[in-house]
Amino acid sequence: MKIHFYGNACFSIFHNGIHILCDPWLDGPAVAGGWTHFPPCDFKACDIPKPDYIYISHIHSDHCEATTLENLDHNVPVILLERNPNFLEKMLRSKGFPNLILVPEKIPTQITPKLGVEAFGATFDHLSSQFIDSSILFV
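Trainee: Can you walk me through the side chain of Asp133 in this structure?
Mentor: You can see Asp133 is positioned in the loop between helix H3 (129-132) and strand S9 (134-138). With no salt bridge to any partner, buried Asp133 finds its closest opposite charge in Arg83, at an N-O distance of 6.9 Å. Polar contacts involving the side chain of Asp133 include one to the side chain of His58, which spans 3.4 Å.

Trainee: Looking at this structure, I do not really get helix H2 (residues 87-94). What am I missing?
Mentor: Quick reminder: α-helices carry 3.6 residues per turn. Residues three or four places apart thus point the same way. Buried residues of H2: Leu88, Met91 and Leu92, and no others. Along the axis of H2, the buried residues cluster in a sector spanning 95°; they form a single face. Exposed positions of H2 whose direction lies more than 90 degrees from the buried face are Lys90 and Ser94. As for H2, its buried residues are in contact with helix H1 (66-70), strand S5 (78-81) and strand S6 (100-103). Of the residues one or two after H2, Gly96 is the one with positive phi, at around 90°.

Definitions and limits used
- Residues numbered from 1 in each chain as written.
- Predicted model: local features only at pLDDT ≥ 70, side-chain atom pairs only at ≥ 80, totals over all residues.
- Heavy atoms only, no water.
- Helix = DSSP H or I, 4+ residues; strand = E, 2+ residues; numbered from the N terminus.
- Buried < 20%, exposed > 50% of the residue type's maximum accessible area, 1.4 Å probe, protein only.
- Lys, Arg positive; Asp, Glu negative; His and termini not counted.
- Salt bridge = Lys/Arg side-chain N within 4 Å of Asp/Glu carboxyl O.
- Polar contact = N/O pair within 3.5 Å; in protein donor to acceptor, adjacent residues only side chain to side chain.
- Arc of directions from axis to C-beta.
- Contact = heavy atoms within 4.5 Å.

Function cannot be read off these values alone, since they describe shape.
Here it is as structure tokens:
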């Protein structure tokens, strides 16, 4: 397994011949233009090898920034937690990402023979985190 860190929460996992890009924020400012990478990010979306999958933990722009999303291949499958309401799913579909893999919470799911996942929702007391945040285990 190889992990390549790009900045903030954005990194790639290379394992079993599969490349997963996680929480893509590389190209523009996030959070209504108020956040930038510090130190500055040395990578742009076009610098990263095409991933086989993208995983996005939640809809905040420091985890899925609009300019970065525009610069990614929209046909790459995106893995996200299945939940209702699913703000992330709605946003990705509106941006033209047709291949969404909605993973049920706490149920091991085999994506391919080489890639299994188990997703978890947030457990914080704040109500909105229960609708937004997730984490994932790749197996």
